[in-house]
Number of protein chains: 2
Amino acid sequence: MLHYSNYCTLQYCQEMASRLTTSSYAVLGLLAIRPWAAYELAQQATRSLRFAWPKSERLLYAEPKKLVEHGLATALQESVGQRNRTMYTITDEGRAALQGWMTTSPQPPLLEAEALLRLLFAENGSIDDLAAALDEMAADAAEKRSQVVTINTGYLDGLHPFPQRTHLSVLFATFQLEFFDLIVKWVGFAKTEIATWPATGGLGMTERTEAILNNIKDQRSVLESPPTIP
Amino acid sequence: MLHYSNYCTLQYCQEMASRLTTSSYAVLGLLAIRPWAAYELAQQATRSLRFAWPKSERLLYAEPKKLVEHGLATALQESVGQRNRTMYTITDEGRAALQGWMTTSPQPPLLEAEALLRLLFAENGSIDDLAAALDEMAADAAEKRSQVVTINTGYLDGLHPFPQRTHLSVLFATFQLEFFDLIVKWVGFAKTEIATWPATGGLGMTERTEAILNNIKDQRSVLESPPTIP
DNA sequence: ATTCGATACTGCATGCTGCACTATTCAAAC
DNA sequence: GTTTGAATAGTGCAGCATGCAGTATCGAAT
(Lines give C-alpha, C1' and ligand atoms only; values in the text may rest on other atoms or scores of the structure.)
Protein backbone atom coordinates (compact mmCIF):
# COMPACT_ATOMS: atom_id res chain seq x y z
CA MET A 1 0.00 0.00 0.00
CA LEU A 2 1.27 3.38 -0.98
CA HIS A 3 1.07 6.57 1.04
CA TYR A 4 1.89 10.02 -0.27
CA SER A 5 1.52 11.51 3.15
CA ASN A 6 4.50 13.82 3.60
CA TYR A 7 6.86 13.93 0.67
CA CYS A 8 7.30 14.85 -2.94
CA THR A 9 5.44 12.32 -5.04
CA LEU A 10 5.08 13.02 -8.72
CA GLN A 11 1.58 14.34 -8.16
CA TYR A 12 2.65 16.63 -5.35
CA CYS A 13 5.60 17.96 -7.31
CA GLN A 14 3.37 18.92 -10.19
CA GLU A 15 1.22 20.88 -7.78
CA MET A 16 4.15 22.57 -6.05
CA ALA A 17 3.89 26.27 -6.73
CA SER A 18 7.26 27.52 -7.90
CA ARG A 19 8.40 30.83 -6.51
CA LEU A 20 7.35 34.19 -7.89
CA THR A 21 9.94 35.95 -10.02
CA THR A 22 10.11 39.51 -11.32
CA SER A 23 8.49 38.14 -14.49
CA SER A 24 5.55 36.94 -12.39
CA TYR A 25 5.05 40.47 -11.09
CA ALA A 26 5.40 41.85 -14.62
CA VAL A 27 2.44 39.71 -15.67
CA LEU A 28 0.59 40.53 -12.46
CA GLY A 29 1.09 44.21 -13.26
CA LEU A 30 -0.62 43.73 -16.61
CA LEU A 31 -3.48 41.86 -14.94
CA ALA A 32 -3.92 44.82 -12.60
CA ILE A 33 -4.89 46.90 -15.66
CA ARG A 34 -7.58 44.55 -16.91
CA PRO A 35 -8.28 40.81 -17.35
CA TRP A 36 -6.46 39.24 -20.28
CA ALA A 37 -6.46 35.93 -22.12
CA ALA A 38 -3.12 34.12 -22.03
CA TYR A 39 -2.54 34.82 -25.70
CA GLU A 40 -3.31 38.52 -25.34
CA LEU A 41 -1.10 38.67 -22.26
CA ALA A 42 1.83 37.18 -24.16
CA GLN A 43 1.33 39.65 -27.03
CA GLN A 44 0.84 42.65 -24.78
CA ALA A 45 3.80 41.85 -22.55
CA THR A 46 6.02 41.41 -25.59
CA ARG A 47 4.88 44.74 -27.01
CA SER A 48 4.73 46.94 -23.94
CA LEU A 49 7.41 45.44 -21.69
CA ARG A 50 10.00 44.56 -24.32
CA PHE A 51 12.26 47.50 -23.50
CA ALA A 52 12.05 47.15 -19.73
CA TRP A 53 11.68 43.42 -19.13
CA PRO A 54 12.15 41.40 -22.33
CA LYS A 55 10.87 37.84 -21.85
CA SER A 56 10.00 34.98 -24.19
CA GLU A 57 6.44 34.33 -25.27
CA ARG A 58 6.80 30.85 -23.86
CA LEU A 59 7.38 32.19 -20.37
CA LEU A 60 4.50 34.61 -20.66
CA TYR A 61 2.14 31.66 -21.16
CA ALA A 62 3.51 29.95 -18.05
CA GLU A 63 3.47 32.89 -15.64
CA PRO A 64 -0.31 33.37 -15.29
CA LYS A 65 -0.65 29.67 -14.37
CA LYS A 66 1.83 30.25 -11.58
CA LEU A 67 -0.15 33.29 -10.41
CA VAL A 68 -3.29 31.11 -10.21
CA GLU A 69 -1.39 28.50 -8.14
CA HIS A 70 -0.48 31.26 -5.71
CA GLY A 71 -4.04 32.59 -5.60
CA LEU A 72 -3.04 35.93 -7.13
CA ALA A 73 -5.23 35.41 -10.21
CA THR A 74 -8.16 33.28 -11.31
CA ALA A 75 -8.48 31.41 -14.62
CA LEU A 76 -11.74 31.17 -16.55
CA GLN A 77 -12.19 28.95 -19.62
CA GLU A 78 -14.15 30.70 -22.34
CA SER A 79 -15.49 29.14 -25.53
CA VAL A 80 -15.37 31.02 -28.83
CA GLY A 81 -16.97 28.57 -31.27
CA GLN A 82 -14.92 25.35 -31.21
CA ARG A 83 -11.98 27.10 -29.63
CA ASN A 84 -11.15 27.66 -25.99
CA ARG A 85 -9.28 30.45 -24.38
CA THR A 86 -8.32 31.08 -20.80
CA MET A 87 -9.13 34.46 -19.28
CA TYR A 88 -7.05 35.49 -16.28
CA THR A 89 -8.30 37.96 -13.68
CA ILE A 90 -6.33 39.42 -10.76
CA THR A 91 -7.60 38.66 -7.25
CA ASP A 92 -7.56 40.92 -4.18
CA GLU A 93 -4.57 38.92 -2.93
CA GLY A 94 -2.95 39.60 -6.29
CA ARG A 95 -3.39 43.35 -5.89
CA ALA A 96 -2.02 43.12 -2.36
CA ALA A 97 1.01 41.10 -3.54
CA LEU A 98 1.64 43.64 -6.30
CA GLN A 99 1.48 46.52 -3.82
CA GLY A 100 3.91 44.67 -1.59
CA TRP A 101 6.30 44.10 -4.48
CA MET A 102 6.27 47.81 -5.31
CA THR A 103 7.87 48.54 -1.94
CA THR A 104 10.78 46.13 -2.45
CA SER A 105 14.18 46.90 -3.99
CA PRO A 106 14.49 46.46 -7.74
CA GLN A 107 17.42 44.49 -9.17
CA PRO A 108 20.04 46.68 -10.85
CA PRO A 109 19.63 47.16 -14.61
CA LEU A 110 21.31 44.62 -16.89
CA LEU A 111 22.61 45.37 -20.36
CA GLU A 112 23.55 42.62 -22.79
CA ALA A 113 25.20 43.94 -25.95
CA GLU A 114 26.96 41.51 -28.23
CA ALA A 115 28.22 44.38 -30.39
CA LEU A 116 30.18 45.72 -27.41
CA LEU A 117 31.71 42.27 -26.96
CA ARG A 118 32.89 42.50 -30.58
CA LEU A 119 34.53 45.80 -29.71
CA LEU A 120 36.38 44.29 -26.74
CA PHE A 121 37.64 41.43 -28.90
CA ALA A 122 38.06 43.52 -32.05
CA GLU A 123 41.71 42.52 -32.46
CA ASN A 124 40.48 39.12 -33.66
CA GLY A 125 38.70 40.62 -36.68
CA SER A 126 39.03 43.40 -39.21
CA ILE A 127 38.14 47.07 -38.85
CA ASP A 128 35.25 46.34 -41.21
CA ASP A 129 33.96 43.53 -38.99
CA LEU A 130 33.91 45.92 -36.05
CA ALA A 131 32.31 48.74 -38.05
CA ALA A 132 29.64 46.33 -39.31
CA ALA A 133 28.79 45.16 -35.77
CA LEU A 134 28.52 48.75 -34.54
CA ASP A 135 26.42 49.74 -37.56
CA GLU A 136 23.98 46.94 -36.82
CA MET A 137 23.68 48.05 -33.22
CA ALA A 138 22.95 51.62 -34.35
CA ALA A 139 20.49 50.52 -37.05
CA ASP A 140 18.59 48.41 -34.53
CA ALA A 141 18.46 51.31 -32.07
CA ALA A 142 17.34 53.77 -34.77
CA GLU A 143 14.57 51.39 -35.83
CA LYS A 144 13.34 50.91 -32.28
CA ARG A 145 13.59 54.63 -31.64
CA SER A 146 11.32 55.37 -34.56
CA GLN A 147 8.82 52.75 -33.36
CA VAL A 148 8.68 54.46 -29.98
CA VAL A 149 8.18 57.87 -31.60
CA THR A 150 5.35 56.54 -33.78
CA ILE A 151 3.54 54.90 -30.87
CA ASN A 152 3.90 57.92 -28.62
CA THR A 153 2.93 60.64 -31.09
CA GLY A 154 -0.22 58.55 -31.57
CA TYR A 155 -1.07 59.25 -27.92
CA LEU A 156 -1.49 62.94 -28.86
CA ASP A 157 -4.36 61.77 -31.08
CA GLY A 158 -5.95 59.80 -28.25
CA LEU A 159 -4.64 56.40 -29.38
CA HIS A 160 -3.51 55.19 -25.95
CA PRO A 161 -5.30 51.89 -25.14
CA PHE A 162 -5.54 52.91 -21.45
CA PRO A 163 -5.74 56.74 -21.50
CA GLN A 164 -5.48 57.03 -17.70
CA ARG A 165 -2.02 55.42 -17.95
CA THR A 166 -0.60 57.88 -20.49
CA HIS A 167 1.58 59.72 -17.96
CA LEU A 168 3.36 56.43 -17.11
CA SER A 169 3.88 55.23 -20.69
CA VAL A 170 5.20 58.60 -21.78
CA LEU A 171 7.67 58.97 -18.92
CA PHE A 172 8.92 55.47 -19.68
CA ALA A 173 9.18 56.38 -23.36
CA THR A 174 11.50 59.28 -22.53
CA PHE A 175 13.99 56.76 -21.17
CA GLN A 176 13.74 54.53 -24.21
CA LEU A 177 14.31 57.45 -26.56
CA GLU A 178 17.34 58.75 -24.65
CA PHE A 179 18.75 55.22 -24.56
CA PHE A 180 18.35 54.60 -28.30
CA ASP A 181 19.70 58.08 -29.03
CA LEU A 182 22.73 57.34 -26.90
CA ILE A 183 23.46 54.18 -28.89
CA VAL A 184 23.16 56.00 -32.22
CA LYS A 185 25.33 58.90 -31.07
CA TRP A 186 27.93 56.73 -29.39
CA VAL A 187 28.26 54.51 -32.47
CA GLY A 188 28.87 57.69 -34.49
CA PHE A 189 31.67 58.62 -32.08
CA ALA A 190 33.11 55.09 -31.97
CA LYS A 191 33.14 54.85 -35.76
CA THR A 192 35.08 58.12 -36.21
CA GLU A 193 37.45 56.76 -33.58
CA ILE A 194 38.09 53.39 -35.24
CA ALA A 195 38.38 55.15 -38.62
CA THR A 196 41.69 56.59 -37.30
CA TRP A 197 43.02 53.10 -36.42
CA PRO A 198 45.56 51.49 -38.78
CA ALA A 199 44.53 48.06 -37.43
CA THR A 200 42.25 46.55 -34.79
CA GLY A 201 44.99 45.17 -32.56
CA GLY A 202 48.19 46.25 -30.86
CA LEU A 203 47.54 49.99 -30.75
CA GLY A 204 47.53 50.38 -26.99
CA MET A 205 47.73 53.88 -25.56
CA THR A 206 47.42 56.10 -28.64
CA GLU A 207 47.36 59.89 -28.41
CA ARG A 208 43.61 59.86 -28.99
CA THR A 209 43.12 57.20 -26.30
CA GLU A 210 45.11 59.37 -23.91
CA ALA A 211 42.95 62.37 -24.82
CA ILE A 212 39.81 60.34 -24.12
CA LEU A 213 41.23 59.18 -20.78
CA ASN A 214 41.92 62.79 -19.81
CA ASN A 215 38.30 63.59 -20.64
CA ILE A 216 37.20 60.74 -18.41
CA LYS A 217 39.48 61.87 -15.60
CA ASP A 218 38.06 65.42 -15.81
CA GLN A 219 34.45 64.11 -15.99
CA ARG A 220 33.85 65.48 -19.51
CA SER A 221 31.57 63.58 -21.88
CA VAL A 222 33.52 62.28 -24.88
CA LEU A 223 30.42 62.67 -27.04
CA GLU A 224 30.41 66.41 -26.31
CA SER A 225 34.21 66.89 -26.29
CA PRO A 226 35.69 64.31 -28.69
CA PRO A 227 39.50 64.14 -28.93
CA THR A 228 40.93 66.84 -31.23
CA ILE A 229 44.17 65.07 -32.07
CA PRO A 230 44.34 64.38 -35.87
CA MET B 1 11.01 -1.65 -37.33
CA LEU B 2 12.96 0.89 -35.36
CA HIS B 3 16.66 1.63 -35.70
CA TYR B 4 18.68 3.92 -33.45
CA SER B 5 21.82 3.48 -35.52
CA ASN B 6 22.25 7.11 -36.42
CA TYR B 7 20.28 8.98 -33.84
CA CYS B 8 20.51 10.29 -30.33
CA THR B 9 20.72 7.45 -27.81
CA LEU B 10 21.22 8.41 -24.18
CA GLN B 11 24.95 7.65 -24.28
CA TYR B 12 25.44 9.57 -27.46
CA CYS B 13 23.53 12.57 -26.11
CA GLN B 14 25.75 12.79 -23.06
CA GLU B 15 28.83 12.98 -25.27
CA MET B 16 27.26 15.39 -27.74
CA ALA B 17 29.10 18.68 -27.67
CA SER B 18 26.44 21.30 -27.10
CA ARG B 19 26.38 24.21 -29.47
CA LEU B 20 28.52 27.30 -29.14
CA THR B 21 26.73 30.35 -27.79
CA THR B 22 27.76 33.99 -27.64
CA SER B 23 29.02 33.21 -24.13
CA SER B 24 31.32 30.56 -25.61
CA TYR B 25 32.85 33.17 -27.90
CA ALA B 26 33.12 35.61 -25.00
CA VAL B 27 35.31 33.07 -23.16
CA LEU B 28 37.15 32.23 -26.38
CA GLY B 29 37.89 35.95 -26.78
CA LEU B 30 39.54 35.99 -23.35
CA LEU B 31 41.57 32.89 -24.21
CA ALA B 32 42.80 34.71 -27.33
CA ILE B 33 44.54 37.21 -25.01
CA ARG B 34 46.40 34.61 -22.96
CA PRO B 35 45.89 31.17 -21.35
CA TRP B 36 43.83 31.22 -18.18
CA ALA B 37 42.87 28.83 -15.43
CA ALA B 38 39.12 28.21 -15.13
CA TYR B 39 38.94 30.16 -11.88
CA GLU B 40 40.86 33.12 -13.31
CA LEU B 41 38.66 33.00 -16.38
CA ALA B 42 35.51 33.17 -14.28
CA GLN B 43 36.89 36.11 -12.27
CA GLN B 44 38.23 37.96 -15.29
CA ALA B 45 35.06 37.49 -17.34
CA THR B 46 32.95 38.72 -14.45
CA ARG B 47 35.14 41.80 -14.04
CA SER B 48 35.82 42.78 -17.62
CA LEU B 49 32.71 41.60 -19.44
CA ARG B 50 30.11 42.43 -16.81
CA PHE B 51 28.84 45.54 -18.59
CA ALA B 52 28.76 44.01 -22.06
CA TRP B 53 27.90 40.37 -21.48
CA PRO B 54 26.97 39.68 -17.84
CA LYS B 55 27.05 35.94 -17.16
CA SER B 56 27.07 33.80 -14.04
CA GLU B 57 30.29 32.42 -12.63
CA ARG B 58 28.80 28.96 -12.92
CA LEU B 59 28.47 29.29 -16.67
CA LEU B 60 31.99 30.64 -16.99
CA TYR B 61 33.31 27.40 -15.50
CA ALA B 62 31.32 25.34 -18.00
CA GLU B 63 32.16 27.24 -21.18
CA PRO B 64 35.88 26.36 -21.45
CA LYS B 65 34.99 22.64 -21.21
CA LYS B 66 32.67 23.11 -24.16
CA LEU B 67 35.45 24.85 -26.09
CA VAL B 68 37.71 21.83 -25.46
CA GLU B 69 34.99 19.47 -26.71
CA HIS B 70 34.87 21.49 -29.91
CA GLY B 71 38.66 21.53 -30.26
CA LEU B 72 38.86 25.31 -29.86
CA ALA B 73 40.93 25.11 -26.68
CA THR B 74 43.08 22.59 -24.83
CA ALA B 75 42.96 21.82 -21.10
CA LEU B 76 46.06 21.15 -19.01
CA GLN B 77 45.94 19.95 -15.40
CA GLU B 78 48.49 21.72 -13.25
CA SER B 79 49.41 20.84 -9.68
CA VAL B 80 50.07 23.53 -7.10
CA GLY B 81 50.90 21.54 -4.00
CA GLN B 82 47.93 19.28 -3.20
CA ARG B 83 45.62 21.36 -5.33
CA ASN B 84 44.84 21.05 -9.02
CA ARG B 85 43.89 23.69 -11.48
CA THR B 86 43.01 23.48 -15.14
CA MET B 87 44.78 25.80 -17.55
CA TYR B 88 43.00 26.45 -20.83
CA THR B 89 44.83 27.48 -24.00
CA ILE B 90 43.28 28.53 -27.30
CA THR B 91 44.05 26.37 -30.36
CA ASP B 92 44.56 27.47 -33.96
CA GLU B 93 41.04 26.22 -34.70
CA GLY B 94 39.90 28.38 -31.78
CA ARG B 95 41.48 31.49 -33.29
CA ALA B 96 39.94 30.63 -36.65
CA ALA B 97 36.49 30.15 -35.05
CA LEU B 98 36.81 33.46 -33.24
CA GLN B 99 37.77 35.25 -36.47
CA GLY B 100 34.76 33.66 -38.16
CA TRP B 101 32.46 34.78 -35.35
CA MET B 102 33.70 38.37 -35.71
CA THR B 103 32.23 38.49 -39.22
CA THR B 104 28.74 37.40 -38.14
CA SER B 105 25.85 39.64 -37.08
CA PRO B 106 25.62 40.50 -33.40
CA GLN B 107 22.30 40.09 -31.58
CA PRO B 108 20.58 43.39 -30.79
CA PRO B 109 21.30 44.86 -27.34
CA LEU B 110 19.03 43.80 -24.49
CA LEU B 111 18.20 45.91 -21.47
CA GLU B 112 16.57 44.47 -18.36
CA ALA B 113 15.58 47.15 -15.85
CA GLU B 114 13.26 46.22 -13.02
CA ALA B 115 13.07 49.86 -11.91
CA LEU B 116 11.50 50.76 -15.26
CA LEU B 117 8.95 47.99 -14.70
CA ARG B 118 8.08 49.70 -11.39
CA LEU B 119 7.52 52.91 -13.32
CA LEU B 120 5.15 51.22 -15.77
CA PHE B 121 3.16 49.70 -12.90
CA ALA B 122 3.58 52.68 -10.57
CA GLU B 123 -0.18 53.06 -10.06
CA ASN B 124 -0.03 49.99 -7.80
CA GLY B 125 2.28 51.70 -5.32
CA SER B 126 2.98 55.08 -3.78
CA ILE B 127 4.95 58.01 -5.19
CA ASP B 128 7.59 57.16 -2.59
CA ASP B 129 7.81 53.55 -3.78
CA LEU B 130 8.46 54.77 -7.29
CA ALA B 131 10.96 57.41 -6.18
CA ALA B 132 12.81 54.79 -4.12
CA ALA B 133 13.05 52.40 -7.07
CA LEU B 134 14.38 55.17 -9.32
CA ASP B 135 16.85 56.31 -6.66
CA GLU B 136 18.23 52.81 -6.38
CA MET B 137 18.68 52.61 -10.11
CA ALA B 138 20.55 55.93 -10.10
CA ALA B 139 22.68 54.99 -7.08
CA ASP B 140 23.69 51.72 -8.73
CA ALA B 141 24.59 53.54 -11.95
CA ALA B 142 26.55 56.22 -10.08
CA GLU B 143 28.49 53.54 -8.21
CA LYS B 144 29.33 51.63 -11.38
CA ARG B 145 30.24 54.86 -13.14
CA SER B 146 32.77 55.71 -10.47
CA GLN B 147 34.24 52.20 -10.67
CA VAL B 148 34.75 52.65 -14.42
CA VAL B 149 36.37 56.06 -13.88
CA THR B 150 38.75 54.64 -11.26
CA ILE B 151 39.82 51.70 -13.42
CA ASN B 152 40.30 53.85 -16.50
CA THR B 153 42.20 56.75 -14.95
CA GLY B 154 44.55 54.02 -13.70
CA TYR B 155 45.39 53.26 -17.32
CA LEU B 156 46.99 56.73 -17.53
CA ASP B 157 49.46 55.45 -14.92
CA GLY B 158 50.21 52.31 -16.94
CA LEU B 159 47.95 50.03 -14.90
CA HIS B 160 46.32 48.23 -17.83
CA PRO B 161 46.93 44.46 -17.50
CA PHE B 162 47.30 44.18 -21.30
CA PRO B 163 48.68 47.56 -22.42
CA GLN B 164 48.33 46.75 -26.14
CA ARG B 165 44.57 46.46 -25.59
CA THR B 166 44.13 49.89 -23.99
CA HIS B 167 42.51 51.46 -27.08
CA LEU B 168 39.75 48.81 -26.97
CA SER B 169 39.05 48.98 -23.23
CA VAL B 170 38.92 52.77 -23.29
CA LEU B 171 36.57 53.00 -26.25
CA PHE B 172 34.31 50.49 -24.52
CA ALA B 173 34.54 52.51 -21.30
CA THR B 174 33.21 55.60 -23.10
CA PHE B 175 29.99 53.69 -23.76
CA GLN B 176 29.68 52.55 -20.17
CA LEU B 177 30.17 56.07 -18.85
CA GLU B 178 27.63 57.59 -21.23
CA PHE B 179 25.17 54.84 -20.30
CA PHE B 180 25.54 55.30 -16.54
CA ASP B 181 25.38 59.08 -16.97
CA LEU B 182 22.18 58.71 -18.92
CA ILE B 183 20.60 56.72 -16.11
CA VAL B 184 21.61 59.26 -13.48
CA LYS B 185 20.42 62.21 -15.58
CA TRP B 186 17.18 60.55 -16.64
CA VAL B 187 16.34 59.60 -13.06
CA GLY B 188 16.85 63.26 -12.14
CA PHE B 189 14.38 64.25 -14.84
CA ALA B 190 11.89 61.51 -13.94
CA LYS B 191 11.97 62.46 -10.27
CA THR B 192 11.19 66.12 -10.94
CA GLU B 193 8.39 64.86 -13.14
CA ILE B 194 6.79 62.54 -10.56
CA ALA B 195 7.25 65.25 -7.92
CA THR B 196 4.49 67.17 -9.77
CA TRP B 197 2.09 64.19 -9.61
CA PRO B 198 -0.70 64.29 -7.01
CA ALA B 199 -0.86 60.45 -7.18
CA THR B 200 0.68 57.57 -9.11
CA GLY B 201 -2.46 56.51 -10.95
CA GLY B 202 -5.24 57.95 -13.07
CA LEU B 203 -3.46 61.10 -14.26
CA GLY B 204 -3.50 60.29 -17.97
CA MET B 205 -2.69 63.08 -20.41
CA THR B 206 -1.54 65.91 -18.15
CA GLU B 207 -0.28 69.21 -19.52
CA ARG B 208 3.28 68.19 -18.78
CA THR B 209 2.77 64.83 -20.48
CA GLU B 210 1.44 66.66 -23.51
CA ALA B 211 4.48 68.96 -23.47
CA ILE B 212 6.79 65.93 -23.36
CA LEU B 213 4.91 64.32 -26.24
CA ASN B 214 5.34 67.47 -28.30
CA ASN B 215 9.06 67.32 -27.57
CA ILE B 216 9.10 63.72 -28.76
CA LYS B 217 7.15 64.61 -31.89
CA ASP B 218 9.63 67.40 -32.70
CA GLN B 219 12.63 65.15 -31.94
CA ARG B 220 13.81 67.27 -29.00
CA SER B 221 15.49 65.56 -26.07
CA VAL B 222 13.40 65.93 -22.90
CA LEU B 223 16.59 65.97 -20.82
CA GLU B 224 17.72 69.09 -22.67
CA SER B 225 14.28 70.69 -23.01
CA PRO B 226 12.17 69.60 -20.04
CA PRO B 227 8.52 70.73 -19.94
CA THR B 228 8.14 74.31 -18.64
CA ILE B 229 4.54 74.01 -17.45
CA PRO B 230 4.36 74.58 -13.64
C1' DA C 1 46.56 27.41 17.10
C1' DT C 2 42.74 28.93 14.94
C1' DT C 3 40.21 31.59 12.07
C1' DC C 4 39.32 34.09 7.93
C1' DG C 5 39.36 35.02 3.22
C1' DA C 6 40.95 33.69 -1.26
C1' DT C 7 41.66 29.84 -4.45
C1' DA C 8 39.55 26.17 -7.19
C1' DC C 9 36.06 24.08 -8.31
C1' DT C 10 31.28 20.57 -8.72
C1' DG C 11 26.26 19.10 -8.34
C1' DC C 12 21.61 20.00 -8.42
C1' DA C 13 17.17 22.25 -8.61
C1' DT C 14 15.00 25.47 -10.91
C1' DG C 15 14.36 29.22 -14.29
C1' DC C 16 14.02 30.49 -19.07
C1' DT C 17 14.26 30.11 -24.23
C1' DG C 18 13.68 28.36 -28.83
C1' DC C 19 11.63 25.38 -31.68
C1' DA C 20 8.43 22.30 -33.24
C1' DC C 21 3.88 21.01 -33.13
C1' DT C 22 -1.48 21.05 -33.00
C1' DA C 23 -5.67 23.07 -34.23
C1' DT C 24 -9.27 26.64 -35.25
C1' DT C 25 -10.97 30.90 -37.36
C1' DC C 26 -11.31 34.45 -40.74
C1' DA C 27 -10.35 37.02 -44.88
C1' DA C 28 -8.57 37.55 -49.34
C1' DA C 29 -6.87 35.79 -53.66
C1' DC C 30 -7.64 32.73 -57.47
C1' DG D 1 -16.18 28.19 -54.12
C1' DT D 2 -11.98 26.77 -52.58
C1' DT D 3 -7.40 27.09 -51.39
C1' DT D 4 -4.03 29.65 -49.08
C1' DG D 5 -2.13 32.47 -45.71
C1' DA D 6 -2.20 35.02 -41.45
C1' DA D 7 -3.85 35.54 -36.87
C1' DT D 8 -5.61 33.18 -32.79
C1' DA D 9 -4.65 30.07 -28.87
C1' DG D 10 -2.00 27.51 -27.12
C1' DT D 11 1.44 22.82 -25.39
C1' DG D 12 5.71 19.77 -25.00
C1' DC D 13 10.40 19.20 -24.78
C1' DA D 14 15.41 19.70 -25.20
C1' DG D 15 18.83 22.33 -23.86
C1' DC D 16 20.90 26.78 -22.18
C1' DA D 17 21.66 29.50 -17.87
C1' DT D 18 21.52 30.80 -12.87
C1' DG D 19 21.75 30.51 -7.87
C1' DC D 20 22.95 28.18 -4.08
C1' DA D 21 25.08 24.90 -1.38
C1' DG D 22 28.84 22.10 -0.68
C1' DT D 23 33.87 20.40 -0.79
C1' DA D 24 38.55 21.08 -0.09
C1' DT D 25 43.17 23.46 -0.04
C1' DC D 26 46.23 27.27 0.94
C1' DG D 27 48.33 31.50 3.01
C1' DA D 28 48.27 35.22 6.22
C1' DA D 29 46.89 37.40 10.27
C1' DT D 30 45.29 37.26 15.15
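Now for a description of the structure that goes with this document. Predicted model only: the values in this text are computed from it and were never measured.

Definitions and cut-offs
- Residues numbered from 1 in each chain as written.
- Chains lettered and ligands numbered in written order.
- Predicted model: local features only at pLDDT ≥ 70, side-chain atom pairs only at ≥ 80, totals over all residues.
- Heavy atoms only, no water.
- Helix = DSSP H or I, 4+ residues; strand = E, 2+ residues; numbered from the N terminus.
- Rg over C-alpha atoms; globule rule 2.2 N^0.38 Å.
- Buried < 20%, exposed > 50% of the residue type's maximum accessible area, 1.4 Å probe, protein only.
- Contact = heavy atoms within 4.5 Å.
- Near = heavy atom within 4 Å.
- Polar contact = N/O pair within 3.5 Å; in protein donor to acceptor, adjacent residues only side chain to side chain.
- Arc of directions from axis to C-beta.
- Buried area = accessible area lost by both parts, 1.4 Å probe.
- Salt bridge = Lys/Arg side-chain N within 4 Å of Asp/Glu carboxyl O.
- Nonpolar A, V, L, I, M, F, W, Y, C, P; charged D, E, K, R; others polar.

**Comments concerning the overall build of chain A**
Right, on to step 1. Across its full length, chain A holds nine helices and four strands.
Right, on to step 2. Helices (α) and strands (β) of chain A occur, in sequence order from the N terminus, as α-α-β-α-α-β-β-α-β-α-α-α-α.
Right, on to step 3. What you see for chain A is a C-alpha radius of gyration of 24 Å, clearly larger than the 17 Å of a compact globule of 230 residues, by over 25%.
Right, on to step 4. Each principal axis of the C-alpha atoms in chain A carries an extent, and together these give about 80 × 55 × 40 Å.
Right, on to step 5. For chain A, the proportion of its 230 residues judged to be buried stands at 50%.
Right, on to step 6. Residue pairs at least 24 apart in sequence account for 59% of intrachain contacts in chain A once pairs closer than 6 positions are excluded.

**Examining the protein's contact with DNA strand D**
Right, on to step 1. Around DNA strand D sit 22 residues in total, of which Y39, R58 and R83 of chain A together with Q82 and R83 of chain B are the nearest.
Right, on to step 2. Looking at DNA strand D alone, sugar and phosphate atoms form 69% of those within 4 Å of the protein.
Right, on to step 3. At a separation of 2.5 Å, a base oxygen of DNA strand D approaches a polar side-chain atom of R58 of chain A.
Right, on to step 4. Between DNA strand D and Q82 of chain B there is a distance of 2.4 Å, counted from a phosphate oxygen to a backbone nitrogen or oxygen.
Right, on to step 5. Of all elements in the fold, only α3 (38-49), α4 (57-69) and β3 (83-90) of chain A together with α4 (57-69) of chain B reach the threshold of two or more residues within the surface near DNA strand D.

**Quick word on α4 of chain B**
Residues separated by three or four positions in an α-helix point in the same direction, a consequence of the helix having 3.6 residues per turn.
Residue and element names in this part refer to chain B.
Right, on to step 1. Turning to α4, its buried residues are L60, E63, P64, K66 and L67. End-on view of α4: buried residues confined to an arc of 160°, all on one side of the axis. More than 90 degrees from the buried face of α4, the exposed residues found are R58 and K65.
Right, on to step 2. Where α4 is buried, its residues touch α2 (22-31), α3 (38-49), β2 (73-80) and β3 (83-90).
Right, on to step 3. Phi for G71, located one or two positions after α4, is positive at around 75°.

**What to know about the interface of chain B and chain A**
Right, on to step 1. Across the contact, 93 residues belong to chain B and 93 residues belong to chain A.
Right, on to step 2. In total, chain B and chain A occlude about 9000 Å² of area from one another, counting both sides; carbon and sulfur atoms represent 70% of this.
Right, on to step 3. Of all residues in chain B, M102, E112 and F175 of chain B give up the largest surface area on contact with chain A, accounting jointly for 9% of the area buried on that side.
Right, on to step 4. There are four salt bridges connecting chain B and chain A.
Right, on to step 5. Note that E112 of chain A and K55 of chain B form a salt bridge whose closest N and O atoms lie 3.0 Å from each other.
Right, on to step 6. Taken together, the connections running from chain B to chain A amount to 35 residue pairs in polar contact (both at pLDDT 80 or more).
Right, on to step 7. Counting only elements with at least two residues in the side of chain B that touches chain A, the list comes to α2, α3, α5 (92-102), β4 (110-112), α6 (114-120), α7 (127-156), α8 (166-195) and α9 (207-217) of chain B.
Right, on to step 8. Looking at the side of chain B that touches chain A, the element that brings in the most residues is α8 of chain B, giving 19 residues.
Right, on to step 9. Classifying every residue of the side of chain B that touches chain A gives 53 nonpolar, 25 polar and 15 charged.

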